[in-house]
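# Fold and geometry: a report
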Amino acid sequence: MKTSLTIVIAAGLLAALPATVASASTSAPISASAATGVGAGPSTTWGPMFASGRKAVTQGRLTVLSQNTSTTPTTATVQINGAITDLTKGSGCGWAIFRISFLKKDASVATKHHYRLDCTTGTPKSFSFVEKQVVLVETKVCSEIQATKPSATCLYGGSWKKLYSYLD
């Protein structure tokens with residue numbers, strides 16, 4: 001797997017060691033210990049986060065909709081709302097990228113990416129999505145040319161900002 005996320009399952013516990021990133025975010029990630037069982041849980045704002053050279057910016061809110069403490073590791077259903085804004089004056093686009101680690105039915109942990117693109121300079125593009133069985137959510141922002149998906153450099157280079165973890 002080509003990610004900078006290391007996942008180890010031992011004695012029924014998950015230890016995730018994500019790369020951290022210094023960002024302009026003023027809020028701490030939500031932890032499962034802060035979540036409150038079934039129903040609407042805590043939410044946190046994140047961002048603004050900028051691509052290198054301040055060529056794109058993203059910010060938003062992550063809300064824990066529910067938490068499942070009967071699984072090991074504890075999982076959550078989270079909703080992520082936000083906007084990505086391209087700040088280039090040329091052919092670049094802004095990419096908001098999310099790395100979601102989730103619990104599969106066989107109790108293994110897998111990772112997938114969500115990404116949103118904006119190529120309209122100065123006009124924010126909103127996004128919203130919900131993920132279930134989540135154990136970790138991380139994000140980053142890149143500025144690249146328009147494509148069907150972000151480049152490997154954008155996905156696997158640089159640092160990720162943790163938004164949610166059951167471990168904190």
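Residues numbered from 1 in each chain as written. Predicted model: local features only at pLDDT ≥ 70, side-chain atom pairs only at ≥ 80, totals over all residues. Heavy atoms only, no water.

### What to know about the state of the cysteines
Tallied over the entire structure, the rule returns two disulfides. A sulfur-sulfur distance of 1.9 Å marks the disulfide that ties Cys93 to Cys119. The S-S bond linking Cys93 to Cys119 shows a torsion near 105°; that makes this disulfide right-handed. Taken as a pair, Cys93 in strand 7 (residues 92-103) and Cys119 in the loop between strand 8 (109-118) and strand 9 (125-145) lie far apart in primary sequence, 26 residues in all. Given the relative accessible area of 1%, Cys93 is considered buried. Disulfide pairing places Cys142 opposite Cys154 at an S-S distance of 2.1 Å. Every disulfide takes its handedness from the sign of the S-S torsion; for Cys142 and Cys154 that torsion is 110°, giving right-handed. With Cys142 in strand 9 and Cys154 in helix 1 (residues 152-156), the pair connects residues that are 12 residues apart, well separated along the chain. Cys154 matches Cys142 in its accessibility class, with the two residues each being buried. Each bonded cysteine in the chain gets a number by its place in the sequence, and the pairs come out as 1-2, 3-4. (Disulfide = S-S within 2.5 Å. Helix = DSSP H or I, 4+ residues; strand = E, 2+ residues; numbered from the N terminus. Buried < 20%, exposed > 50% of the residue type's maximum accessible area, 1.4 Å probe, protein only.)

### Some thoughts on the pattern of salt bridges
Enumeration according to the criterion identifies two salt bridges in this entry. In this structure, Glu131 and Lys112 form a salt bridge, with 2.9 Å as the shortest nitrogen-oxygen distance. Taken together, the residues Glu131 in strand 9 and Lys112 in strand 8 connect sequence positions 19 residues apart. (Salt bridge = Lys/Arg side-chain N within 4 Å of Asp/Glu carboxyl O.)

### Focus on the nonpolar core
Of all hydrophobic cores here, the largest spans 25 residues; its most connected members are Trp46, Leu62, Ile80, Phe98, Phe127, Val137 and Tyr164. At seven residues, strand 9 tops the list of elements feeding residues into this core. Each residue touching Val137, except ones within four places of it in the same chain, is listed here: Leu62, Val78, Ile80, Arg99, Ile100, Lys161, Lys162, Leu163 and Tyr164. Judged by nonpolar contacts, the second largest core, of eight residues, contains Leu117, Cys142, Cys154 and Trp160. (Core = buried A, V, L, I, M, F, W, Y, C linked by side-chain atoms within 4.5 Å. Contact = heavy atoms within 4.5 Å.)

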